[in-house]
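# Understanding the architecture of this molecule
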Amino acid sequence: MRSGFPVLSSRSCRIAVCTAIVVMGGYALPVLAGTPSSSDKKVVELKKIEKKYQKLKIGEKNIASAMSIIGKKEIDHASSAASIYSILKLTPSVNEYQQNIGPSFPVFTVRGVRMSQLAQTLDGIPMTDLLYGGQGALLTNNVGSIISTGQIEGIHVYPGVAPPDRGGFATVGGTIAYTTTTPPEKSYADIFTKIGSFSTDTYGFDASSGSIPGTNGLRIYTRLSRTQTDGYIQHTPARYTDFLFSAIKPYDDGLSQVTGTLIYNTARANLASSPMAVSQLEKYGIFYNYPLSESSTLQRGRYLTAILGDRTYINNRVLVSAKAFYIHKYSYQAGYLQPSYISPSYPYQVSLSDASVSYGPLPPTVASPGVVPHTYDPAATFGSYDAGEAAKTQYSGSTTLGIVPKVNVFLPHNDITVGGLVAQETSGPGGGNYFYGSLNMPELYGYNSLYDPSGKAQRTVYSGYLSDKIYLLDNSLHIEPGVTITGVSTSNYVPANLYGSPPYPYTLGNYDKEVLPYFGLSYDITKIIVAYASYGKGARFAPVGDYLLGPKGSTTLAPGPETVNAYEAGVRYVGNKLYLNLDGFWQNMHGMFSFYDNLITGLTEYANIGEEQMKGLELSGKYEVNPEWSVSGNISYTSANYMNNFAAAVTPSSEQYGYVFAGDPLAFVPNWIAGLDVSYHKHNFYAKLGESYTGPQITTEVLPSDLTNPLLANATVPNPGVRMAPYFLTNLELSYRVPMHNAHISSVTVSLNIENLLDNTYYTHYYQFYKQYNFFGVGQPYYEAYPGLPRFIELGLSARFS
């Protein structure tokens, strides 16, 4: 834990919850446990309870699971180069990298479990894509995100399996819980701007109404910002626009409240079309990339989220709440590759998004049942298949609707929570996928289409949980049993493909149900030392893209869920100045998705046969030397291995599929990760110097295409013999607030961020590859890599009007 001490005992927490609802809405009312009172003493007591309640929202010292917190201070001081995922590196066992400044193609793991296998929540609603996991299907929604760093005030990280009321949906390795900015109690308006390296600039405003007179406590907050950058990798410009509107309205004399949140974020970014050949990076510079006129991959993303919530005080024992939500995501990608780079005579793979890589030669097809027709003849129009298939565009989108109800019951010796999730995500009909010899293309179904837009994928989730926290032995022993029951109905309607085989149209679907138990135990050895242990089972449901038949059929018509049995034990020290947490974990993952697709024979196979195991140790802490100085840090060791042989996605980003062998380590999961921060805060001055270490990582290699075993021919496999080099990064954060004795401007804040202060050169991704042509690896193997962020300097200025 890096940002504060979870100092409340759970007994005081539950008392605070029972009574703090009377101060919801941002002001204390003369009411206690439903009994009116106007005495000053009661008001003072309620204010004390409110402070405890706010700490309760951060965490309990005797929670039976490992937990890390990133607070508002860490988030507010992050630079424009950060994203909601890169900031997670402040917590143990997190490895993350991204392609560019800001939210651009993030890739991360927690204890070796990749992003698509983790649950993410936003104010308690599922932020994870229900159809695919993570942010969505491969090569979609890679730029921008549902929420940005400027729109959140806190992050809770629960590795492993969290208690049912905090676990989110569909995880086999952890939950990331984001909290949006709550409308502040004070009224103000801020304008801000930042100027940084690589022509990066950010500007915007935020405003808080405070408690609006005559509205019985209505508070409104809004924020609008824009960031644009040329990118630290050549020819990767990006632009992000983020908007947040939120409101809180107390009612029932302040005992209850309604909340509303509206978020609209957009992004437009050019991605590196593929990792670059290391030989070219060594020759032309580590940040070299092809000009956009020769190779380009443009993505646009739009994310609209609306949340309406109600929390109602029934009596001093029962609190009822519910949130309804709507999420719409839209993704567009356009890729182009100069034909000479497609040719097998060119030794490097420059792009993975042109049509020739995915489909090979595409002669015209005639309309017939189950066939996507295209009368466009790429060879006749542009002289060759390579030239006529050099460009591809893709549109996709999805809409999610749902509700998250919850009931808290506070009894003398236990707290019961009953909650659930009912949600449905739908993708299609609509969208499109087209190919041509240039990006200036017609997009006409029947002419140059690769996809039938009448396809539709849908997943409906019915989930409920029951959690109890029991207090025994004079409130020193805490037992937390719980169970989650989740039913998932999935269908994928596929009207046609390019080949007309197998018979079309068809729909693949199934209904899966999982019972997921949880049991946690914590014991207060002393008032400041807590021992804890927990067991939990988690499940992730198959991506809807796996509900597919290949041209020659599939061995599994609809895959089932993959599951994890997670065990944790630890000890936590919570003193006035010192916080320490030491825990060990053991996570056994079963029925992992196994995917094999032979583009030459047309055989597609899906099965739940994979086995993985993650185990390790984590140590984190914080020490307040005095009111000005503090030191915090973490160190973690993770051993992540495959337990059997199976066809698998072998990288955290899932962009490489291949085969793994029992005993092999998971690729790109460092054994050792560590961080150390030294902070100074006095009056209006803040400074933090941070150092992080990412240890060596196993890489991957692509096997030759001429192997007799079809599972291994041209397959990507872990390569334990070649490790990516470890690296250290040093970051500096400075800010100074200057009070202004002005009728309108109350203060001006100047900030300085320097990422990678020592300008270390390092790779975040590195592997061996073969040039791909017509589904075969050609030429000689070579190494490709993504470079990490170089020194990034950003100067910020903001003014507050109040």
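Nothing here was measured: the structure is a model prediction, and the numbers come from that model. (Residues numbered from 1 in each chain as written. Predicted model: local features only at pLDDT ≥ 70, side-chain atom pairs only at ≥ 80, totals over all residues. Heavy atoms only, no water.)

### A short note on the overall build of the protein
For clarity, the cut-off: Think of it this way: any DSSP run of H or I at least four residues long counts as a helix, any run of E at least two long counts as a strand, and we number them from the N terminus. Here the globule rule reads 2.2 Å times residues to the power 0.38, and the radius of gyration is calculated from C-alpha atoms. Residue exposure (1.4 Å probe, protein chains only): buried if accessible area is under 20% of the type maximum, exposed if over 50%, otherwise partly exposed. Here a residue-residue contact requires only that any non-hydrogen atoms of the pair lie within 4.5 Å. Within this scheme the basic residues Lys and Arg register as positive and the acidic residues Asp and Glu register as negative, but His and the chain ends are omitted. To locate a charge, take atom NZ for lysine, CZ for arginine, CG for aspartate or CD for glutamate.
Of the regular secondary structure elements, the protein holds eight helices and 40 strands. Relative to a compact globule of 802 residues, whose C-alpha radius of gyration would be 28 Å, the protein shows 27 Å and is just as compact. By its C-alpha atoms, the protein is 90 × 55 × 50 Å across when sized along the principal axes. Relative to its 802 residues, the protein shows a buried fraction of 58%. Considering only residue pairs separated by 6 or more positions, the protein has 69% of its internal contacts joining residues 24 or more positions apart. Of the charged side chains in the protein, 54 are positive and 58 negative, and the gap between their average positions amounts to 9 Å.

### Some remarks on the nonpolar core
To keep things clear, this is the line we draw: Residue types Ala, Val, Leu, Ile, Met, Phe, Trp, Tyr and Cys, when buried and joined through side-chain atoms within 4.5 Å, form a set referred to as a nonpolar core.
Membership of the largest hydrophobic core comes to 60 residues, with the highest contact counts inside it found for Leu88, Leu122, Ile155 and Tyr178. With sequence-adjacent residues up to four places away left out, Leu122 is seen in contact with Met127, Ile146, Ile147, Tyr178, Thr180, Ile263 and Ile307. In this structure, Tyr376, Ala390, Ala667 and Val702 belong to the second largest nonpolar core, which totals 38 residues.

### As for unusual backbone geometry
The amide bond that connects Gly428 to the next residue, Pro429, takes the cis arrangement and shows omega of -5°. For Pro429, the location among the structural elements is in the loop between β20 (414–427) and β21 (432–436). With phi around 55°, Asp474 is a residue other than glycine that occupies positive phi space. Position of Asp474 among the secondary structure elements: in the loop between β22 (456–472) and β23 (477–494).

### Details of a nonpolar patch on the surface
Threshold: Each patch is built from residues lacking any salt bridge and having more than 30% relative accessible area; the joining distance is 9 Å for like charges and 5 Å for nonpolar side chains (Val, Leu, Ile, Met, Phe, Trp, Tyr). Using a 1.4 Å probe, the Shrake-Rupley method yields the accessible areas, and only the shown protein chains count as cover for residues. Basic side-chain nitrogens of Lys or Arg form a salt bridge, by our definition, when they fall within 4 Å of a carboxyl oxygen of Asp or Glu.
On the surface, a cluster of nonpolar side chains totalling about 880 Å² of accessible area is made up of Leu472, Leu473, Tyr523, Ile525, Val571, Leu580, Leu582, Leu619, Ile635 and Trp672. Tracing the backbone through its elements, the reader meets Ile525 in the loop between β24 (506–524) and β25 (529–540). The class of Ile525 is partly exposed, set by a relative accessible area of 49%.

### Regarding the environment of Val631
Mapped onto the secondary structure, Val631 falls in strand β29 (residues 629–642). Residues Val631 and Ala170, spaced 461 residues apart in sequence, show a C-alpha to C-alpha distance of 35 Å. With residues up to four places along the chain from it excluded, the contact list for Val631 reads Gly621, Lys622, Tyr623, Val625, Leu676, Asp677 and Val678.

### With respect to the sheet that holds strand β8 (residues 125–126)
Inclusion rule: When DSSP finds two or more bridges between a pair of strands, those strands are recorded as paired.
An order of β3-β9-β10-β7-β8 is seen for the five strands of this open sheet, with the pairing classed as mixed. Lying at the two open borders of the sheet, with one neighbouring strand each, are β3 (68–70) and β8. Pairing of strand β9 (residues 152–159) with strand β10 (residues 174–180), which is carried by seven bridges, proceeds in the antiparallel orientation. By the bridge assignment, Ile155 is partnered in β10 with Tyr178.

### Comments concerning the sheet that holds strand β6 (residues 113–114)
Overall, antiparallel pairing links the three strands, which are arranged β4-β5-β6 in an open sheet. Strands at the two margins of the open sheet, each flanked by one partner only, are β4 (94–97) and β6.

### Section: the confidence of the model for the protein
This is how it is decided: On a scale of 0 to 100, pLDDT captures the predictor's confidence in every residue.
Per-chain confidence: the protein averages 89 in pLDDT, with 90% of residues scoring 70 or above. Confidence drops under a pLDDT of 50 for residues 1–39, and excluding neighbours within four residues, the segment shows 134 contacts in the predicted structure. With pLDDT under 50 throughout, residues 41–59 is counted as low confidence; its partners more than four residues away or in other chains account for 38 contacts.

### Some points on the pattern of salt bridges
Counting across every chain of the model gives eleven salt bridges. Of the charged contacts in the structure, one is a salt bridge between Glu618 and Arg111, with a shortest N-O distance of 2.9 Å. With Glu618 in strand β28 (residues 604–624) and Arg111 in the loop between β5 (107–110) and β6, this pair connects stretches of sequence that are 507 residues apart. Residues Glu618 and Arg111 agree in their burial class; the two are buried. Asp190 is the partner of Arg800 in a salt bridge, and the nearest nitrogen-oxygen pair spans 2.8 Å. Of this pair, Arg800 sits in strand β40 (residues 792–801) while Asp190 sits in strand β11 (residues 187–196); the two residues are 610 residues apart in sequence, bridging distant segments of the chain. On the basis of relative accessible area, Arg800 is assigned to the partly exposed category, the value being 31%. Using a relative accessible area of 11% as the deciding quantity, one classes Asp190 as buried. When salt bridges with common partners are traced through the structure, they connect Arg111, Glu568, Asp583 and Glu618 into a single cluster.

### Structural notes on the environment of Gln349
Going by this rule: Pairing of N or O atoms within 3.5 Å defines a polar contact, subject to two protein rules: one partner must be a possible hydrogen donor and the other a possible acceptor, and residues neighboring in sequence count only if both atoms are side-chain atoms.
Relative to the assigned elements, Gln349 resides in the loop between α5 (339–342) and α6 (355–359). Considered as a pair, Gln349 and Tyr770 are 421 residues apart in the sequence and their alpha carbons are 7.5 Å apart. Excluding residues within four positions of it along the chain, Gln349 makes contact with Ser274, Pro275, Val357, Phe769, Lys771, Gln772, Tyr782 and Glu784. Here the side chain of Gln349 touches Ser351 through a polar contact of 2.7 Å, landing on its backbone oxygen.

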